[in-house]
Protein chains: 4
Amino acid sequence: MTIKIGLVGAGFIGLLHARNLSASPLFELTVVAEPNEATANRVAQETGARVVADWTELVDDPLLDAVLLASPAELHADQVVAFADAGKHILCEKPLALNLEDADRAVAAAQEAGVLLQVDFNRRLDPHHAVLRTAVEEGRVGAPTIVNIISRDPGLPGPDYRRGPGKMFMDTTIHDFDMARFLAGSEITEVSALSAATIDELAREADDADTTVVALRFANGALGIIDNSRQARYGYDQRAEVLGTEGMATCGNVQDTVTAVATASGFASPALPTFFPERYAESFRLAVERFAASIVDGAPLPSDGRDGRAAIAVALAAETSRRERRVVSL
Amino acid sequence: MTIKIGLVGAGFIGLLHARNLSASPLFELTVVAEPNEATANRVAQETGARVVADWTELVDDPLLDAVLLASPAELHADQVVAFADAGKHILCEKPLALNLEDADRAVAAAQEAGVLLQVDFNRRLDPHHAVLRTAVEEGRVGAPTIVNIISRDPGLPGPDYRRGPGKMFMDTTIHDFDMARFLAGSEITEVSALSAATIDELAREADDADTTVVALRFANGALGIIDNSRQARYGYDQRAEVLGTEGMATCGNVQDTVTAVATASGFASPALPTFFPERYAESFRLAVERFAASIVDGAPLPSDGRDGRAAIAVALAAETSRRERRVVSL
Amino acid sequence: MTIKIGLVGAGFIGLLHARNLSASPLFELTVVAEPNEATANRVAQETGARVVADWTELVDDPLLDAVLLASPAELHADQVVAFADAGKHILCEKPLALNLEDADRAVAAAQEAGVLLQVDFNRRLDPHHAVLRTAVEEGRVGAPTIVNIISRDPGLPGPDYRRGPGKMFMDTTIHDFDMARFLAGSEITEVSALSAATIDELAREADDADTTVVALRFANGALGIIDNSRQARYGYDQRAEVLGTEGMATCGNVQDTVTAVATASGFASPALPTFFPERYAESFRLAVERFAASIVDGAPLPSDGRDGRAAIAVALAAETSRRERRVVSL
Amino acid sequence: MTIKIGLVGAGFIGLLHARNLSASPLFELTVVAEPNEATANRVAQETGARVVADWTELVDDPLLDAVLLASPAELHADQVVAFADAGKHILCEKPLALNLEDADRAVAAAQEAGVLLQVDFNRRLDPHHAVLRTAVEEGRVGAPTIVNIISRDPGLPGPDYRRGPGKMFMDTTIHDFDMARFLAGSEITEVSALSAATIDELAREADDADTTVVALRFANGALGIIDNSRQARYGYDQRAEVLGTEGMATCGNVQDTVTAVATASGFASPALPTFFPERYAESFRLAVERFAASIVDGAPLPSDGRDGRAAIAVALAAETSRRERRVVSL
């Protein structure tokens, strides 16, 4: 069985998904909804999919089994509700919504309609992170005591990127909030966040952030810490580790090269040259594959609507914490 | 010139200092004040120093140029004041005091008497940490944006160790607070701390902690993060890094061995086998050497009373933060 | 322009190439010559290519621009001559031949016919090795003084693999001989080889080897060393470095994972789990791409018939050296 | 019991030993024989030992239990014989002699006199190398198949250093020959050596070498390889590993620092800044300690006259191999 899928939104992430859907024998990408004509045509040309401007045209398309939502986040909730009501399975980019009411509405709609709602926290599927999670699950590190995540982007987003209060938490740190929950195997119950906007003038003007540090507490008693920056000149820095009562599981950076040159000046090796599309290429690919496995075989989703909702709750709590200068309980 | 020095307190840390003082040509360790007879005799035997039970006997000893205080922390302030009034230079173990009033009293006494007061934040003198600080000072990483410290002890303190509210911050994390100030080159202005006591039953009963995560803000706009545990089964884990606008300076663990064995089961290498007396052996040695250089040549102290006071302020703020579940400003 | 190519030999390596040719827009794999029916059908099914049993049917196929020879090595020379005479460009698996007369015959035929003859020393195209070579070319290590190569297979070849005197040099070490020439940027002028067959009973019976160490001298004055084993239980171990008068360029193993688990027993990380199809996947892909670029744009071949001949000469010299227990000059 | 010891030769290595002997409570360094007055005085001043110009004065000194020979290598054999006949225990720097007749004479004299003769292959005592040897002894890597040693000095010896045919093998590679025997746990039976003198003009003029690669065979069937250079601009490079039928034990470089700085240009870390006195400081210290343990408690010597003789035999064979361009059997 090939899953007939429609793509909603064909921007940067949409295109990435479109390529994976096209390359996969599990899917047939039949239609792409994208209001921007140039953006739409690029995907059409590459994939041969039909293009429409208005996503609502897909809702009642009887040929579609599923949709992948890579549209602006503020549309996600309405789209999830509409497609769920129409009986389509949904793979939704993060964040699932921008507030908890919308997230709840989306989760409830999928549940009532009995359709699958996967929220794309693809980093869980990264093979290296999976090793960490497995080590924790198998008890190799004992009971988790500290989850420590370092997640730094290589450079500031462009001027077109929409900044605003809480955006860094909702757009970027949300991956780390999900990773923290995933690695700890437990819900976040307390958040305390500090942030700064010392590098990115546009972020400062918009009351957004470019640097954040977050302290967390989990329901299982563990603590957590996130080190998040929008600008690491040496490249995309993605590290994670779990300390437990019996040891530690750690995941370093995936190096693009294993070479070094040593001279009288010392050892020199290359910077971390890629960003998320390269670093997490495999996990994006696995995301649609796992979605297919859930549709076809009923395999459990790697991350569902409840995960999507939980991460939003933490992101909102982080913004409250930053603003009110206090620990926020969830 | 040899500096005639007295040691106050001959416990674990006192003995370590006594050995360094004895081995150094810069000092003559003439007398040790220690109420516990067995403890005192051990040092006397090793170093040939005279022993007295009561530290006040040293105050007016006309032969002494200086004292090293390795006594219980609650005595530090009174001892600093007494020795300062008597014109002795003072090297005081951390913490300088247990509250800010006492710390201020000690600092003021030394200042008024015109004696040197070094507070032993020896980790600053660790050659590896010095490389980090130098990289920051020289601007190699640009303006600091995040100071990230991981500091985990290999195992719980023994049952004799006195636990209590805020003790982990004041005894252990205090080193990291100082390291954070040192690496950032800036004062800490905000603290938010979470802690847990899930491993150490005695800590839990005493309202102390065995695990803490702390978020910091510095006056220069940087943020900071500390990951602190009393139990890392794989050994004493000491890492630090500074992210800045132009890059990162990082300091990993000093491995006791550079060997590994690889078989079909994978690569295996030894745990981090030592604790602070071994890991920071060189910095303890340098601490007394730098103290001597200040006395003899007027070289700047590596960390003085104001540093001692600042770290106490942060430790107290961390306890307030934990207790009141809020960000505390300094 | 799409290059119409025929594949001669559809065994393990043939299949690997067939997949890369099929996936590339630069080639159209039209026909596969393979005497074994099951083997042939597997490739046909995957790629849609036509299958013939006898490779000579391809020689006069007017539709073919080029052939890729993945046939048994003893057939290579005759096949190169036949296809060259027919005006086809040739990408030939290593070794180009099993003796120098055949190699010379093949090189001459291609030259006279004016067709391209690429010998597939794909490891040159590995991105990590390329960094090493570039460092040498750019003079970053000064004049090369030692080329040091460690190349260990994860396990013994199966019982079907044909062993015999000099086979390990001709089949396996030949890659390292080429890598040595490539990294040094100079011809090998002297070889001294020791070998042993202590692990592989079949190798011992056939006067073949499972372990070899080779000392080399290059025309530019540098020395070289190769450490070669058929059995590294911890996985496929591929390291290379070039020492020069100004420094060193080094290439470590490409780790499949960047994770580790640390407990009281120490640090544990996974073995090197793959073999050459995975480790050198990218370089196999680049081999056909570079072949295409030479055909279409006249770009220089990454390794040609002369390289193929040179490596054979070293492999034969190594066998003579081992047998006669002396340094052999080339 | 304190061992009364005399030092013969107070040059660079002699001074190093003198300091260790002085610092050790096991020894009393009573007298130093050194013809050069300035050299002698330096040691006398530091250690308080009596100085004589002529080593023969020590032979019948009834107060001496032992001697440490750090004299020119051509004197070692005669001195060993003289001191052995006088009943003194002997710790002799490498090489024990410059030819096998002298080595045999020295070994026989010690044996007949019933005195201890330790030859100072101190690298065996390096804690990191000891881990390798232990892994092999405990069978963790199975039966050894390849011993791979990289040993590169940071820079050329000064113009005063006496070069000559075979000197690099006898002075420098001799450590690696011993290390190879030690790690393999087996005698070397075959040697094939290539050498070059492309960097050091004085070496070239003297028919000595600055770069060598050596292939070895051991009695237990393993092979070996040594990569030896007098000039590694990035510092003193000391690596060793043992491949066996079940895995590999490896020893990397001991880094002086564990810090790195990462910027847009990549990761930079310091060169390997030290030479053997620093890298092997601990093993030099252990060498005299183990000598004492043998004298006092009858503990086995870490390396004795037979080890000293064996390494000389390999060094001479290497020179024959280089000269006659053949594999030399031992």
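Up top is the structure these notes are about.
None of the values given here were measured: they were computed from a predicted structure.

**Topic: the sheet that holds strand β5 (residues 89-92) of chain C**
By definition, the strands of a sheet pair up through backbone hydrogen bonds, in either a parallel or an antiparallel sense.
Residues and elements named next belong to chain C.
Alright, step 1. Pairing within the open sheet is parallel, and its six strands lie in the order β3-β2-β1-β4-β5-β6. Strands at the two margins of the open sheet, each flanked by one partner only, are β3 (50-52) and β6 (117-119). With strand direction ignored, the average angle separating the axes of adjacent strands in the sheet is 20°.
Alright, step 2. Looking at chain direction, strand β1 (residues 3-8) and strand β2 (residues 27-33) are connected through six bridges and run parallel.

**Some details on the interface of chain B and chain D**
Interface extent is often summarised as the accessible area lost during association of the parts.
Alright, step 1. Of the residues lining the interface, 26 residues belong to chain B; the matching set on chain D comes to 26 residues.
Alright, step 2. When chain B packs against chain D, the two sides together hide about 1700 Å² of surface, and 61% of this comes from carbon and sulfur.
Alright, step 3. The three residues of chain B that bury the most area against chain D are Val258(B), Thr259(B) and Val261(B), which together make up 31% of that side's buried surface.
Alright, step 4. Inspection of the chain B/chain D interface yields zero salt bridges.
Alright, step 5. Counting across the chain B and chain D interface gives eight residue pairs in polar contact (both at pLDDT 80 or more).
Alright, step 6. Every element with two or more residues in the side of chain B that touches chain D is listed here: α6 (127-137), β12 (247-251), β13 (259-263) and β14 (266-269) of chain B.

**Here we look at the pattern of salt bridges**
It is possible for side chains of opposite charge to pair when their charged atoms get near one another.
Alright, step 1. Using the criterion set out here, one finds 136 salt bridges over all chains in the structure.
Alright, step 2. Note that Arg181(B) and Asp307(B) form a salt bridge whose closest N and O atoms lie 3.0 Å from each other. Of this pair, Arg181(B) sits in helix α7 (residues 167-184) while Asp307(B) sits in helix α11 (residues 305-324), placing them 126 residues apart in sequence.
Alright, step 3. Classification of Arg181(B) by relative accessible area gives buried; the value is 7%.
Alright, step 4. A residue is classified by how much of its surface remains accessible, and Asp307(B), at 12% relative accessible area, is buried.
Alright, step 5. Here the salt bridges do not stand alone but share partners, grouping Arg124(A), Asp178(A), Arg181(A), Glu187(A) and Asp307(A) into one network.

Analysis parameters
- Residues numbered from 1 in each chain as written.
- Chains lettered and ligands numbered in written order.
- Predicted model: local features only at pLDDT ≥ 70, side-chain atom pairs only at ≥ 80, totals over all residues.
- Heavy atoms only, no water.
- Pairing = 2+ DSSP bridges.
- Helix = DSSP H or I, 4+ residues; strand = E, 2+ residues; numbered from the N terminus.
- Axes fitted to C-alpha atoms, helices over the stretch in contact; angles between N-to-C directions.
- Contact = heavy atoms within 4.5 Å.
- Buried area = accessible area lost by both parts, 1.4 Å probe.
- Salt bridge = Lys/Arg side-chain N within 4 Å of Asp/Glu carboxyl O.
- Polar contact = N/O pair within 3.5 Å; in protein donor to acceptor, adjacent residues only side chain to side chain.
- Buried < 20%, exposed > 50% of the residue type's maximum accessible area, 1.4 Å probe, protein only.

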